[in-house]
Amino acid sequence: CEVEELISDRQRVTGIRAVRHGKEIVIRARTVVLAAGAYMTPALLLKSASAAWPDGLANRSGMVGRNLMLHTSDFMALDSPQWYSPDGPKKTLALNDFYFDNGHKLGTFQTVGFPFESPFILAYLRHVAESDPRWWRKITNPMLPRAADFAPRLFARSTMFATIVEDLPYSHNRITLDKNAPNGMRFEYEYTKELKWRNAYFRKRVRDTLSRKHRVRVLTGRNNINFGHVCGTCKFGDDPATSVLDSTNRAHDLENLYVVDASFFPSSSGTNPSLTVAANALRVADNM
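Here is a short report on the structure shown in this document.

**Overview of the sheet that holds strand 3 (residues 23-27)**
Taken together, three strands build an open sheet; the order of strands is 1-2-3 and the sheet is antiparallel. Here the strands that pair on one side only, and so sit at the sheet edges, are strand 1 (2-8) and strand 3. Taking the axes of each pair of neighbouring strands and ignoring which way they run, one obtains an average angle of 25 degrees across the sheet. Two elements, strand 1 and strand 2 (residues 13-20), share six bridges in a ladder whose sense is antiparallel. Within strand 2, the position partnered with Val3 by the bridge is Ala18.

**Side note on the packing of aromatic side chains**
A full pass over the atoms with the stated rule returns seven aromatic pairs. Between the aromatic rings of Phe236 and Phe264, the centroid separation amounts to 4.9 Å while the plane-to-plane angle is 80 degrees, which identifies the pairing as edge-to-face. Here Phe236 is found in the loop between strand 13 (215-218) and strand 14 (257-259), whereas its partner Phe264 is found in the loop between strand 14 and helix 6 (274-287), with 28 residues between them in sequence. Over the aromatic face of Trp53 sits the side chain of Arg10, whose NZ or CZ is 4.1 Å from the ring centroid.

**Focus: the side chain of Ser80**
Its place among the elements puts Ser80 in the loop between strand 5 (75-79) and strand 6 (94-95). By relative accessible area, which is 15% here, Ser80 ends up buried. In contact with Ser80, not counting residues within four places along its chain, are Arg157 and His214.

What counts and how
- Residues numbered from 1 in each chain as written.
- Predicted model: local features only at pLDDT ≥ 70, side-chain atom pairs only at ≥ 80, totals over all residues.
- Heavy atoms only, no water.
- Pairing = 2+ DSSP bridges.
- Helix = DSSP H or I, 4+ residues; strand = E, 2+ residues; numbered from the N terminus.
- Axes fitted to C-alpha atoms, helices over the stretch in contact; angles between N-to-C directions.
- Phe/Tyr/Trp six-rings, centres within 6.5 Å; stacked < 30°, edge-to-face > 60°.
- Lys NZ or Arg CZ within 6 Å of the ring centre and 35° of its normal.
- Buried < 20%, exposed > 50% of the residue type's maximum accessible area, 1.4 Å probe, protein only.
- Contact = heavy atoms within 4.5 Å.

And the structure:
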């Protein structure tokens, strides 16, 4: 069942137009909770424009789709001065020591479940190559399998860590409709200078702090945007002129429409958003 549009008057969502098994249906409910993700939730609201909502449903402020935020994430290899057995239970180590550092918003630093084995390394190298548009990447692609076979020797004493750096809201970073795109939308995003600076500063702080006992190697290329942590495209706030949702995650001016995915974030925070999304959804459910 694929939702195509939310039908509404000026105060309420009155129906959900969807396609099921090739046939159009209209679903009606007293309350509508939208959680299609921070990419597709604003796209659906923009597609649901009507005479009552000419710029898109719940978009009186013009903020639907804007303030798109994407974390930056670096993969780092920490080399131990001695070898440790990889056997035994796997554990996660996460540090918040750099979350707010010398007046700068940074984020978290944690281990990842990424074994230094050839298949995983090859998948990562191909991901990096696809994310980098420089011409010489195409020439080096055939050599990636050989590099992946050799790499485990270089990382025999390494543990993989990842950073997550907080992105800040900018109205020009946004979701917009695109009839030529397979899913009907695209996004416009600028990797801002201040985010690049904070990302570089985080790398330096990790190196300066840990290099006394460990060799720190940054494995990420120039494009280290984390496209999986998207948030902020229907942010909540007290002012209907600058936000899409109120403090209960209900759309301003609509009695029965709530948004409970990562769209509501006013800032991205410096950590994986999943638990915050779940906790907030429980909070909204109790309130409803």
